[in-house]
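Reading the structure
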Amino acid sequence: MCDLSTELLDWYDLHARAMPWRTPPAEKQAGVRPDPYKIWLSEVMLQQTTVAAVTEYFNRFTNRWPTVSALAAADDADVMGEWAGLGYYARARNLLKCARAIVADHGGIFPADHAALLKLPGIGPYTAAAISSIAFDLRHVVVDGNVERVMARLYDVHTPLPAAKPELTTLAEALTPNSRPGDYAQAVMDLGATLCTPKSPACGICPWRTPCLARQAGTAQDLPKKTPKKPKPVRHGTVYVARRSDGAWLLETRPDKGLLGGMLGWPGSDWVDVADNRPAGAPPIEAQWSPIAGEVRHTFTHFHLILTVLHADTDNTPTQGTFVPREAFRPSDLPTVFRKAFDLIANPPH
Ligand code: SF4
């Protein structure tokens, strides 16, 4: 098995993807150490999000907050604003909590220890393994969707996901070498992202083409098998977008707990499953509300959402939310679902 890891590391030395948080293999072998802050930040951002989408956010974050101590000292609203559009906002809240815990409990230095990393806010088994392995070259197995796909194919595993997870983790663990485990972890991910892709694996140029059992059996394209998911329910809701005569917008910071917690948003109703009983919710200010043509459609992990958008111009005093002056309002600070509501008003459908 150690031959397999050597073959893959040789391939990685030539073909490693360039990423702003990554220390290329040649630099690493010359003694450059990866920055645990950058590895942690990228791993948190990459959960449920693609490398292409994360790169721009990562660069903005590290320009603005180049160290974990700088991030720990940031204003919550600034961090939530920079995170807007990246989704899964609990990650941003935990990011701040974790940065502050590292400063308070570890003197601003990431602990080079898997168990200590696991105790930090927002760091689960996957992220702890990734930081331990990639930042500190400790031998921990890192299993994401790419790694699952590669292992299922290399060993021709037909058990469907998610039931196959323990088996695929055991196989990945057995293959992880003692030497260069960090580069090895990144190499399997790169293989899955660039050659062993979901739809058309490039087996002809794969470093594992000879030992790969799925390639031999002709089953690569059908793996990994997946248990079909239940269709997502559709929820409905209303948002109220009010504007004052001086151009200020009525916004609120959502409660810390719950979906989009701590993010900026438009006041509105709860989101419920029943289409024919749309919740109006109480308007946040007295005004003549008019429905905007069209609706906002957005998909979260567990449901689709359809939002009706009501708009009003008013100088009354709000009972909910705060007017944000025009010059202080950046639509990019809104999470995507609320940005879509703003776009509907800024560019109404014809
Ligand atoms: S040979 Fe093909 S299926 Fe097997 S690991 Fe390589 S790319 Fe994936």
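Before any of the text, the structure's been laid out above.
Residues numbered from 1 in each chain as written. Predicted model: local features only at pLDDT ≥ 70, side-chain atom pairs only at ≥ 80, totals over all residues. Heavy atoms only, no water.

Below, the discussion takes up the packing of aromatic side chains. In this description, a pair of aromatic rings is defined by centroid distance and the angle of the planes. With the rule as written, the count across this model stands at 15 aromatic pairs. Measuring from ring centre to ring centre gives 6.1 Å for Trp 249 and Phe 329, while their planes differ by 50°; the resulting arrangement is tilted. Here Phe 329 lies in the loop between β7 (322-324) and α14 (336-346) and Trp 249 lies in strand β2 (residues 249-253), a separation of 80 residues in the sequence. A residue is classified by how much of its surface remains accessible, and Trp 249, at 6% relative accessible area, is buried. Geometrically, the ring pair formed by Phe 300 and Phe 303 is tilted, given 5.1 Å between the ring centres and 35° between the ring planes. (Phe/Tyr/Trp six-rings, centres within 6.5 Å; stacked < 30°, edge-to-face > 60°. Helix = DSSP H or I, 4+ residues; strand = E, 2+ residues; numbered from the N terminus. Buried < 20%, exposed > 50% of the residue type's maximum accessible area, 1.4 Å probe, protein only.)

Around the ligand, the structure places Arg 153, Cys 196, Pro 201, Cys 203, Cys 206, Arg 209, Cys 212, Arg 215 and Ala 220. Partitioning the shell around the ligand into residue classes produces 6 nonpolar, no polar and 3 charged. (Near = heavy atom within 4 Å. Nonpolar A, V, L, I, M, F, W, Y, C, P; charged D, E, K, R; others polar.)

Every buried residue belonging to helix α6 (residues 76-83) is among Val 79, Met 80, Gly 81, Glu 82 and Trp 83, and all of these are buried. Gly 85 sits one or two residues past α6 and shows a positive phi near 100°.

On to unusual backbone geometry. Here Leu 161 and Pro 162 are connected by a cis peptide whose omega angle stands at 5°. With respect to the helices and strands, Pro 162 occurs in the loop between α10 (145-154) and α11 (165-175). Note that the residue after Leu 223, namely Pro 224, is joined by a cis bond; omega there is -5°. Checked against the element boundaries, Pro 224 lands in the loop between α13 (213-217) and β1 (234-243). Not every positive phi belongs to a glycine, and Asp 156 is a case in point at roughly 50°. Using a relative accessible area of 23% as the deciding quantity, one classes Asp 156 as partly exposed. Notably, Leu 260 is not glycine yet its phi reads approximately 60°, a positive angle.

By themselves these figures say nothing about function.
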